[in-house]
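Breakdown of the fold
Listed below are the residues making up each chain.
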Amino acid sequence: MNTIETQIESIVDSILSDYQHGRDIDKVDLKRHPDKAAVIDMIGKLLRIVYPGYFRDTSFRMYTSRHNLSMLMEDVMYNLNKQITLILQSGMDDDSAKEKSQAICLEFFRRLPAVRATVQTDVEAAYAGDPAATSTDEIIFCYPGLFAITVYRLAHELYVLGVPMLPRIMTEHAHSVTGIDIHPGATVGNYFFIDHGTGIVIGETTIIGENVKIYQGVTLGGLSTRAGQGLRGKKRHPTIEDNVTIYANASILGGETVIGRDSVIGANAFITHSIPEGTTVSIKSQELQFKQRRCADCATPCENWNDKI
Amino acid sequence: MNTIETQIESIVDSILSDYQHGRDIDKVDLKRHPDKAAVIDMIGKLLRIVYPGYFRDTSFRMYTSRHNLSMLMEDVMYNLNKQITLILQSGMDDDSAKEKSQAICLEFFRRLPAVRATVQTDVEAAYAGDPAATSTDEIIFCYPGLFAITVYRLAHELYVLGVPMLPRIMTEHAHSVTGIDIHPGATVGNYFFIDHGTGIVIGETTIIGENVKIYQGVTLGGLSTRAGQGLRGKKRHPTIEDNVTIYANASILGGETVIGRDSVIGANAFITHSIPEGTTVSIKSQELQFKQRRCADCATPCENWNDKI
Amino acid sequence: MNTIETQIESIVDSILSDYQHGRDIDKVDLKRHPDKAAVIDMIGKLLRIVYPGYFRDTSFRMYTSRHNLSMLMEDVMYNLNKQITLILQSGMDDDSAKEKSQAICLEFFRRLPAVRATVQTDVEAAYAGDPAATSTDEIIFCYPGLFAITVYRLAHELYVLGVPMLPRIMTEHAHSVTGIDIHPGATVGNYFFIDHGTGIVIGETTIIGENVKIYQGVTLGGLSTRAGQGLRGKKRHPTIEDNVTIYANASILGGETVIGRDSVIGANAFITHSIPEGTTVSIKSQELQFKQRRCADCATPCENWNDKI
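Criteria and cut-off values
Residues numbered from 1 in each chain as written. Chains lettered and ligands numbered in written order. Predicted model: local features only at pLDDT ≥ 70, side-chain atom pairs only at ≥ 80, totals over all residues. Heavy atoms only, no water. Helix = DSSP H or I, 4+ residues; strand = E, 2+ residues; numbered from the N terminus. Buried < 20%, exposed > 50% of the residue type's maximum accessible area, 1.4 Å probe, protein only. Areas by Shrake-Rupley, 256 points an atom, 1.4 Å probe, with all protein chains shown as cover. Contact = heavy atoms within 4.5 Å. Buried area = accessible area lost by both parts, 1.4 Å probe. Salt bridge = Lys/Arg side-chain N within 4 Å of Asp/Glu carboxyl O. Nonpolar A, V, L, I, M, F, W, Y, C, P; charged D, E, K, R; others polar. Axes fitted to C-alpha atoms, helices over the stretch in contact; angles between N-to-C directions. Parallel < 35°, antiparallel > 145°, perpendicular 65-115°, else oblique. Left-handed = near helix turned anticlockwise from the far one by under 90°. Least-squares fit on C-alpha atoms with pLDDT ≥ 70 in both. Pairing = 2+ DSSP bridges. Phe/Tyr/Trp six-rings, centres within 6.5 Å; stacked < 30°, edge-to-face > 60°. Patch = residues over 30% accessible without salt bridge, like charges linked within 9 Å, V, L, I, M, F, W, Y side chains within 5 Å. Lys, Arg positive; Asp, Glu negative; His and termini not counted. Charge placed at Lys NZ, Arg CZ, Asp CG, Glu CD.

The next point concerns the overall build of chain A. Tallying secondary structure elements over chain A gives eight helices and 15 strands in all. Here chain A holds 309 residues, and 63% of them are scored as buried. For chain A, the accessible area works out to roughly 11,700 Å², and carbon and sulfur atoms hold 52% of it.

Let us look at the interface of chain B and chain A. Note: interface size is frequently given as the accessible area lost on complex formation between the parts. Residue-level contacts link 76 residues of chain B with 73 residues of chain A. For the pair chain B and chain A, the summed buried surface comes to about 6,700 Å²; carbon and sulfur atoms form 55% of the total. It is Ile25, Phe270 and Thr280 of chain B that lose the most area in chain B upon contact with chain A, and together they represent 11% of the buried surface on that side. Counting every contact that joins chain B to chain A gives five salt bridges. Measuring nitrogen to oxygen at the nearest pair gives 3.0 Å for the salt bridge that ties Asp137 of chain A to Lys27 of chain B. Secondary structure elements with two or more residues in the side of chain B that touches chain A: helix 1 (2-18), helix 8 (166-178), strand 10 (251-253), strand 13 (270-271) and strand 14 (279-283) of chain B. With eleven residues, helix 1 of chain B is the single largest residue contributor to the side of chain B that touches chain A. Across the side of chain B that touches chain A, the residue classes break down as 30 nonpolar, 24 polar and 22 charged.

On the side of chain B, 73 residues touch chain C, which itself brings 76 residues to the contact. Of the roughly 6,700 Å² buried at the junction of chain C and chain B (both faces included), carbon and sulfur atoms supply 55%. Looking only at chain C, the three residues that lose the most surface to chain B are Ile25, Phe270 and Thr280 of chain C, adding up to 11% of its buried area. Between chain C and chain B we count five salt bridges in total.

Attention now goes to the packing of helix 5 (residues 112-129) of chain A against helix 7 (residues 144-160) of chain A. Residues and elements named next belong to chain A. Look at helix 5 against helix 7: their axes get within 10 Å of each other, and the N-to-C directions meet at 155 degrees. Considered as vectors, helix 5 and helix 7 are oriented roughly antiparallel to each other. Classified by chirality, the crossing of helix 7 by helix 5 is right-handed. Of the residues in helix 7, those in contact with Leu112, Val115, Thr118, Val119, Asp122 and Val123 of helix 5 are Leu146, Ile149, Thr150, Arg153, Leu154 and Glu157. Grouping the amino acids of the contact of helix 5 with helix 7 by side-chain chemistry returns seven nonpolar, two polar and three charged.

Moving on, we come to the pattern of salt bridges. Scanning the entire structure with this criterion turns up 51 salt bridges over all chains. Arg23 of chain B is the salt-bridge partner of Asp18 of chain B, the closest N and O atoms lying 3.3 Å from each other. Per residue, the accessibility class of Asp18 of chain B equals that of Arg23 of chain B, and both read buried. Through salt bridges with shared partners, a single network forms among Asp18, Arg23 and Asp26 of chain A together with Arg116 of chain C.

Each copy of the sequence occupies a distinct position, and chain B is placed on chain A by a rotation of 120 degrees and an axial shift of 0.0 Å, giving an RMSD of 0.0 Å. Here the transformation between the copies is reduced to the relation of a three-fold axis. Little of the interface of chain B is mirrored in chain A: 17% of its interface residues are interface residues there too.

This paragraph deals with the relation of the copies chain C and chain B. Here two copies of a chain appear, and what relates them is a rotation about an axis with a shift along it. Each copy of the sequence occupies a distinct position, and chain C is placed on chain B by a rotation of 120 degrees and an axial shift of 0.0 Å, giving an RMSD of 0.0 Å. By residue overlap, the copies meet through two different surfaces: only 17% of the interface positions of chain C are interface positions in chain B.

On to the sheet that holds strand 2 (residues 187-188) of chain A. All names here are of chain A. A sheet is described by the order of its strands in space; here four strands give the open sequence 2-5-8-11, paired in parallel fashion. Bordering the open sheet on either side are strand 2 and strand 11 (258-259), each of which pairs with just one other strand. Pairing analysis gives two bridges linking strand 2 to strand 5 (residues 207-208), with the strands arranged parallel. By the bridge assignment, Thr187 is partnered in strand 5 with Ile207.

The next subject is the pairing of strand 14 (residues 279-283) of chain A. Side-chain positions along a regular strand alternate between the two faces of the sheet. Most of strand 14 of chain A sits inside the fold, with five of its five residues counted as buried. Residues of strand 14 of chain A alternate between two faces, with Thr279, Val281 and Ile283 of chain A on one and Thr280 and Ser282 of chain A on the opposite face, all of them buried.

Pairing between strand 12 (residues 264-265) of chain B and strand 14 of chain B: two bridges, direction parallel. Within strand 14 of chain B, the position partnered with Ile265 of chain B by the bridge is Val281 of chain B.

Let us now look at the packing of helix 2 (residues 36-50) of chain C against helix 8 (residues 166-178) of chain C. All names here are of chain C. Running from amino to carboxyl end, helix 2 crosses helix 8 at an angle of 75 degrees, the nearest separation of the two axes being 10 Å. In terms of orientation, helix 2 and helix 8 fall into the roughly perpendicular class. Touching Lys36, Val39, Ile40, Ile43 and Leu46 of helix 2 are Leu166, Ile169, Met170 and His173, all from helix 8. Across the contact of helix 2 with helix 8, the residue classes tally to seven nonpolar, one polar and one charged.

Attention shifts here to the packing of aromatic side chains. Scanning the entire structure with this criterion turns up twelve aromatic pairs over all chains. For the ring pair Phe108 of chain B and Phe109 of chain B, a centre distance of 5.6 Å and an interplane angle of 85 degrees mean the geometry is edge-to-face. Residue classification places Phe109 of chain B among the buried positions, given a relative accessible area of 0%. Three or more aromatic residues joined by ring pairs form one cluster here, namely Tyr51, Tyr54 and Phe141 of chain A.

Turning our attention to a negative patch on the surface. On the surface, Asp93, Asp94, Asp95 and Glu99 of chain A cluster together to form a negatively charged patch. With respect to the element layout, Asp94 of chain A can be found in helix 4 (residues 94-110).

As structure tokens, this is what we get:
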């Protein structure tokens, strides 16, 4: 046992030394870092404010609606204020951070009715757009697309209000839960519907119009990122105009690429140039090869047939 | 502080007013809504009933198997009954809802041995189909494909028994955990293997035969959903016959599309017409462009080379 | 009520009988099975050791760094030792399992500084490669790609040290959280960047060089798995040389496929043959079809226009 303890102590020493290299991973003075668990909890509470009947905490059933909402809001306000103050303190003195954070939080909450109005349009778009939807209740309870869109809309308000990092933590949480990756900097119009959703990537400078519908695996991305940090701030992601539908696994790339209104982009399409309005774009039979997997003599496919793809 | 409190009260007022618009998102009378956390807990317990040795709660080790199982079943039965009764009460009187729910629950449990027999074939298919699998234990412990398939098979029974919403909540949970989206209405034969799985979408009216193997990113989807709710109830998703293998990111779309038995669909294929049996379908070299990324003078690629994709 | 109880007992009997079939799913003697919750907890603690300032448990703030680290390490060491011993006991006597497990754990911890050095390069690659990244803090806090890569690098050390199953449980957890599926057996060089990531699959025998960047939906996979278990141990997955960039949804398949250094593989490309160094590969305009979605008489697209994709 002594030998094991000695070896463990020796390892502890070597890791502690390893912490002294001053690299990004070695930083320890991060009193001011966001608390991910608190952010996830806050997202849950914001969803209860957005959809008051759907995600209600059953322990609150005894209180009045006003009391419920006040308690929820004060809880969220307190934590949001704390997180934003922490993040802002990296760049200014404590008092300025507190003052700015307070102003941001109040403005964020003032915008909630506007966010809710937008979210209602997203619910309607989902119901109209999905033959499998049996009710709007079902959509609100369990559609991952609506969850990701709601979190994005809340995060986007904080992004526009100038909050660093926190909006991204929120959308990355939604990304983890749903597989849908919407950067909080994207701009998205009303009646936005995401069906299935896994694998969707919507880049920071994407602009999406009204009544747009997108399916799983769609990328609205950048053309080339070899310029890395040099591209920050520029429009790198496409513009999707009103009433466009983009089917599964299509990729639309580039800051100057515009998909004209009323267009339909077919599954697996790969687009790096603008498309005029009212156009249907699809893959022309993809030059598929068809091979019959049978020996000349056999009626049924052979186990040994080489079906190298 | 007073000013802040006044501002918060004012915001609470505005949001409470906002709740009075009578929209879908404003509904509050939802005593009868499913409890997602309870459903997720129930899924975990159902998995312990399906795989008694694998996900055993260690605190039960002191009881006999019969006692373990009785306790688990009563717990699940109680919660399942409660959830289904709540959901049914939206459409009928309380007593009818209770009676129907009870009958559904008993029938669901009677079907568990049949579900287990099917799940055993899925385990065998995974082991036979994946060179990376070292044991069936490993598959049951950690393969996301098997988890998603198991949850789908349980949800499918409830779907067939006419339970609204709950089957979808179950499969959306599996979707969140695994990235695999199988609608509980799909019909899937034995020996079903999903490898990797992230991004798979299997639509509500899909029919899948025996011994089918599918990879990540595959969509078995609808051709066009512009008719929205008007398409509900119709067959919109393809039929996949026995022994078919579908490789990564292939899309097979349309209610009349049939992939004939023994066929192999290659990665990234995009199919909207039926395929005869025993056919290998692959992309014919995709018309790729190859450009050498070097200046005429340099031996090594240039940082400034324009590699616009 | 009696009737219900009788019916439930009858169902319990039938399921207990169903457990007697001796199939994989019926195994109950699994004292020696890994505890997934303990593994997930362990991953969280390992991340706190790798990034001491970023995921610090606030309750430890009062202790010295040395004390913090010792406590964390002993916790992880204890649990890792326990899990590995359990897994090894399936194949050897208890004492040998304990001894081997202890040795593996000590060696794993000795390698942590080397793993940290590699992870630092991954952080730098992410910052350099992503125009949307505002700081390395943001990357470490919330980039799913970095999370998946970090978990992979830790799991890989255990894989190389010969630990069965546990490395796969770790990477499947990361897969569930991020949608990124990296087999712990893969070999990956420094400065590895995954952007967005959902849907990525990196197979067991993949070899990746230095400074490689890959995007969502990329598969580095096998050509054909019809030989199932017969392929285990062979190189089935591609080799990606230094400085390669692979864009979204590309598939690169086959154990003999080598992507030459400095190459760029475009979005949606499908590659089953080696690519020479310094090559840009892209889809040649994909033979897209463009149809104007308007009736001859109308100026605007018609709702009834058949836009079958």
